[in-house]
Amino acid sequence: MKLGLIGYGNIAGSLLGVLAGQGFKAERLDVLARPGAEARAHDKLAPEGRAISDTFAVHASVEELIASGPDLVVEVATHVAVKESLIPCLRAGIDGVLVSVGALADAGTEAALTAAAKEGGALLRIVPGAVGGIDMLAAARLSGGLEVTYTSRKPPLAWTGTPAEAKLDLATLDKAEVFYEGSARQAATDYPKNANVAATIALAGAGFEDTRVRMIADPEAPGNVHEYTVRSNALDFTIRLEGKPSPDNPKTSLSTVYSVARDILNAAGPVAI
């Protein structure tokens, strides 16, 4: 497999380390970085990158990435990168993996991704990331009568840099506080770095408008806790996952990295599970 990555941040570095640990080998690895950041990206990812491929290169434009001929491109960057880089790759016929799922809260972005994949004959895969049970949620949706409520509970400082700072004193919080209740669309729009799970649950289930979301800052939270309840004509269930935060970025659940690695390993075959 020729593997492409859009982004060179903490998820990218951790992902390459996991793949190397699993003995994954790529025919070549190509990484897209921001213009002017090629050297930084190369230095950061080179040890893990060379562990999985003898051919490792960093590019400053999506055109260069496409020209390198990847079989699969994995977006591990930002909502902006989804629009500027992933869409052209899909249009060029390259299968893609989307990690910044919250970008799909913007209906225009969702439509553009779908159109690009159709135009290029490519497949866009949305990884579950930090959440589980997405297969049964999607199956329950087919039965009708679907009601979904998702609760995100994280330590106070994991909400630093979000609108929660205007509602709570995160540094001194001594009890759990709910600071957001609303739709998955608004959650993913207002908290783009924290609401990928809300977006994933919405896409698999009741949709962005009808999926209800609660966000809680809790000093007693053991990590990034994701819990959602499903009611449907086929089955009812509740799932709770206690994700361990990434040591480099507490806003990201470490399980997200392993979810993306699983998707790449499945794509590489010979058996997918």
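Everything in this summary refers to the structure shown in the same document. Note that the structure is predicted; figures quoted are calculated from it, not measured.

### So, the overall build of the protein chain
Across its full length, the protein chain holds 9 helices and 11 strands. Here the protein chain has a C-alpha radius of gyration of 19 Å; the compact-globule value for 273 residues is 19 Å, and the two agree. In terms of overall dimensions, the protein chain has a C-alpha envelope of 50 × 45 × 35 Å along the principal axes. Split into buried and exposed, the 273 residues of the protein chain put 49% on the buried side. In the protein chain, of all internal contacts separated by at least 6 residues, the share reaching a separation of at least 24 is 74%. For the protein chain, the exposed surface amounts to about 12000 Å²; the carbon and sulfur share of it is 50%. Distance between charge centroids for the protein chain: 1 Å, based on 25 positive and 32 negative side chains.

### Side note on the pattern of salt bridges
Where charged atoms from two side chains of opposite charge come close, those side chains can pair. Taken as a whole and judged by the stated rule, the model has 9 salt bridges. Put simply, R240 and E227 hold a salt bridge, and the shortest N to O gap is 3.5 Å. Of the two residues, R240 is situated in strand β11 (residues 237–243) and E227 in strand β10 (residues 224–231); the sequence distance between them amounts to 13 residues. According to the relative accessible area criterion, R240 is partly exposed, its value standing at 44%. A network of salt bridges, in which partner residues are shared, links E227, R240 and E242.

### Observations regarding the packing of aromatic side chains
Scanning the entire structure with this criterion turns up 5 aromatic pairs. With centroids separated by 6.2 Å and ring planes inclined at 85 degrees, the aromatic side chains of W159 and Y191 adopt a geometry described as edge-to-face. Linking W159 in the loop between β7 (147–154) and β8 (177–183) with Y191 in the loop between α7 (184–190) and α8 (196–204), this pair joins segments that are 32 residues apart in sequence. Measuring from centroid to centroid gives 6.0 Å for Y228 and F237, while their planes differ by 75 degrees, and the two rings are edge-to-face. Feature note: the residues W159, F179, Y180 and Y191 constitute an aromatic cluster, connected by ring pairs. Across from the ring centre of W159, 5.1 Å away, lies the NZ or CZ of K154, which sits over that ring.

### So, the environment of S68
With respect to the secondary-structure elements, S68 resides in the loop between α3 (62–67) and β4 (72–75). Each C-alpha atom of the pair S68 and A41 lies 17 Å from the other, and the pair is 27 residues apart in sequence. In this structure, S68 is in contact with R28, D30 and H59, ignoring residues within four places of it in sequence.

### Section: the nonpolar core
Within the largest apolar cluster, 53 residues are counted, with the highest numbers of intra-cluster contacts made by L137, F179, I201, M215 and Y228. Among all residues touching F179, those that are not within four sequence positions of it are W159, A164, K167, L168, Y191, M215, I216 and A217.

Each value, and the rule that gives it
Residues numbered from 1 in each chain as written. Predicted model: local features only at pLDDT ≥ 70, side-chain atom pairs only at ≥ 80, totals over all residues. Heavy atoms only, no water. Helix = DSSP H or I, 4+ residues; strand = E, 2+ residues; numbered from the N terminus. Rg over C-alpha atoms; globule rule 2.2 N^0.38 Å. Buried < 20%, exposed > 50% of the residue type's maximum accessible area, 1.4 Å probe, protein only. Contact = heavy atoms within 4.5 Å. Areas by Shrake-Rupley, 256 points an atom, 1.4 Å probe, with all protein chains shown as cover. Lys, Arg positive; Asp, Glu negative; His and termini not counted. Charge placed at Lys NZ, Arg CZ, Asp CG, Glu CD. Salt bridge = Lys/Arg side-chain N within 4 Å of Asp/Glu carboxyl O. Phe/Tyr/Trp six-rings, centres within 6.5 Å; stacked < 30°, edge-to-face > 60°. Lys NZ or Arg CZ within 6 Å of the ring centre and 35° of its normal. Core = buried A, V, L, I, M, F, W, Y, C linked by side-chain atoms within 4.5 Å.

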